[in-house]
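Observations on the three-dimensional arrangement
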Amino acid sequence: MYISKWWGDLIGGSDDSLALIDYLEQLDSTDVTLNQILKDLGFDVLLSEGDLKNGGSIGYDMKSANGTFRVELDIACSALIDLSAIVLESLKSGYVDLHDLDEARQPCKLYIDASEEKRNLLRDELYKFSRNPLAYDLAELVPADDMRELAEKAKMIADELL
């Protein structure tokens, strides 16, 4: 997996990461657009407001045998970094296998069509985060050194989303 150098602890290692993978797993198609993912999760609205520092309401409706329930993603900036890494994996490898992201999952290759415009949107947010990570609400939960390390990784991912 191309993103294995980042995926695991600070990126891909949270409850929001697992919820994001749950979302991807429940999609009706293995061919999706980044635009649709952003809309489904509520990032389109949050990003149009221009800033992920204070979270915001993002999430999706999860289908289950008992009906549908809402899954909230608590830390928007962290979920966006995870999503950006997943998009990068799809760009570099041609797909992302959900089993590679979480070994508890069945192998499932997902193809994410990410337009240049939407990749630039991700890049801009990652660069914004990398310049001042301690200004984000995540900094209240994560030690400063880890935030700076996350910022470095976010910048590397942004650099590769060209």
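Definitions and limits used
- Residues numbered from 1 in each chain as written.
- Predicted model: local features only at pLDDT ≥ 70, side-chain atom pairs only at ≥ 80, totals over all residues.
- Heavy atoms only, no water.
- 1 Å grid on protein atoms, 1.4 Å probe; cavity = no way out; pocket = protein on both sides within 12 Å on 5 of 7 lines; lining within 4 Å.
- Points joined across faces, edges and corners; volume = space filled by probe spheres on them.
- Nonpolar A, V, L, I, M, F, W, Y, C, P; charged D, E, K, R; others polar.
- Core = buried A, V, L, I, M, F, W, Y, C linked by side-chain atoms within 4.5 Å.
- Buried < 20%, exposed > 50% of the residue type's maximum accessible area, 1.4 Å probe, protein only.
- Helix = DSSP H or I, 4+ residues; strand = E, 2+ residues; numbered from the N terminus.
- Contact = heavy atoms within 4.5 Å.
- Salt bridge = Lys/Arg side-chain N within 4 Å of Asp/Glu carboxyl O.
- Expected span 1.5 Å × (residues − 1).
- Pairing = 2+ DSSP bridges.
- Axes fitted to C-alpha atoms, helices over the stretch in contact; angles between N-to-C directions.
- Phe/Tyr/Trp six-rings, centres within 6.5 Å; stacked < 30°, edge-to-face > 60°.
- Lys NZ or Arg CZ within 6 Å of the ring centre and 35° of its normal.

With that settled, the discussion passes to the layout of surface pockets. Considering only enclosed or pocket space, the largest pocket measures out at about 220 Å³ in volume. Among the residues making up the lining of the largest pocket, the classes are represented as five nonpolar, three polar and four charged.

Evaluated as defined, the whole model comprises one cavity of 30 Å³ or more. Within this model, the largest cavity holds a volume of roughly 40 Å³. In terms of lining residues, the largest cavity is bounded by L52, C77, L80, I81, E125, L126, F129 and Y136.

With 56 residues, the main nonpolar core has F43, I112 and F129 as its most contacted residues. Here this core gets ten residues from one element, more than from any other, and that element is helix α4 (residues 76–93). Sequence-distant contacts of I112, defined by excluding residues within four places in its chain, comprise V32, T33, L34, I37, I86, V87, S90 and V96.

Another aspect to go through is the pattern of salt bridges. Tallied over the full model, the rule gives eleven salt bridges. Residues E25 and R105 are paired through a salt bridge, measuring 2.8 Å at the closest nitrogen-oxygen approach. One end of the pair, E25, is in helix α1 (residues 15–26); the other, R105, is in the loop between α5 (98–101) and β5 (109–113), and 80 residues separate them in sequence. By relative accessible area, which is 10% here, R105 ends up buried. Between K92 and E160 there is a salt bridge whose closest N-O contact spans 3.9 Å. Residue K92 is found in helix α4, and its partner E160 is found in helix α7 (residues 144–160); the two are separated by 68 residues along the sequence. Since its relative accessible area comes to 45%, K92 is described here as partly exposed. You can call E160 partly exposed: its relative accessible area is 22%.

Now for α7. Compared with an ideal rise of 1.5 Å per residue, which puts 17 residues at 24 Å, α7 spans 25 Å between its outermost C-alpha atoms and is within 8% of the ideal. Within the sequence span of α7, burial applies to M147, L150, A151, K153, A154, I157 and A158. Buried residues in α7 make contact with α4 and α6 (116–131).

Right, let's get into the sheet that holds strand β1 (residues 31–33). In space, the three strands of this open sheet follow the order β1-β5-β4, with mixed pairing throughout. With one partner strand each, in any of the chains shown, β1 and β4 (96–97) form the two edges of the open sheet. Pairing of β4 with β5, which is carried by two bridges, proceeds in the antiparallel orientation. Its bridge partner being in β5, V96 is matched across the sheet by L110. The strands that α4 touches are β4 and β5; relative to β5, the one it contacts most, it runs at about 95°.

Moving on: the packing of aromatic side chains. Overall, the coordinates contain four aromatic pairs when judged by the stated rule. Measuring from centroid to centroid gives 4.9 Å for F129 and Y136, while their planes differ by 65°, and the two rings are edge-to-face. Given a relative accessible area of 3%, Y136 falls into the buried group. When the ring centre of W6 is taken as reference, the NZ or CZ atom of K5 above it lies at 4.8 Å.

Treat this as a map of the structure, not an account of what it does.
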